[in-house]
Amino acid sequence: MTLKEVVFGCGEALTPDVAAKLTALAERYAAKLYMECAGKRVLLDSLIGILSVECLRGTRLTVIADGPDEQDAADAVAEALEGR
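Position labels on residues start from 1 in each chain and follow its written sequence. In keeping with the model being predicted, local features are shown solely for residues with a pLDDT of at least 70 and side-chain atom pairs are shown and tallied solely at 80 or more, while totals for entire chains, interfaces and linings include all residues. Only hydrogens and water are set aside when side-chain values are computed; all heavy atoms of the structure are taken into account.

*Asks:* Explain the pattern of salt bridges to me, and be specific about the residues and the numbers.
*Replies:* Opposite charge on two side chains permits them to pair, given that their charged atoms come into close proximity. One side-chain nitrogen of Lys or Arg within 4 Å of one carboxyl oxygen of Asp or Glu is enough to make a salt bridge. A complete count under the given rule lists four salt bridges for this structure. In this structure, E12 engages R57 in a salt bridge whose closest nitrogen and oxygen atoms are separated by 3.1 Å. Taken together, the positions of E12 in the loop between β1 (2-7) and α1 (16-26) and R57 in the loop between α2 (47-51) and β4 (60-66) put the pair 45 residues apart, joining distant regions of the chain. Close ionic contact of R41 with E36 constitutes a salt bridge, the shortest N to O distance being 3.1 Å. By relative accessible area, which is 47% here, R41 ends up partly exposed. Buried residues are those whose accessible area, probed at 1.4 Å on protein chains only, stays under 20% of the maximum for their type, while exposed residues exceed 50% and partly exposed ones sit between those limits. By relative accessible area, E36 is classed as partly exposed at 26%. Where helices and strands are cited, they refer to DSSP runs of H or I of at least four residues and of E of at least two residues respectively, numbered from the N terminus.

See below:
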């Protein structure tokens, strides 16, 4: 299992567009991907789950990846959430 701490920076807030990009990104990897914010953990392959998390610029998040390509998956999601 890989954990990465990130600061949300890909916009002012977590919008449906950002959520859709995260879902599409998560589908590229075999690892299960989660995002944890304020004690709430959601699967990144669930658009509704992602949108249930209230995230604003500067919010601290944890990306959790578990599976054969977890390091690459966690790095890619972290970069996306940081807006890089």
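Having seen the model, we can carry on.
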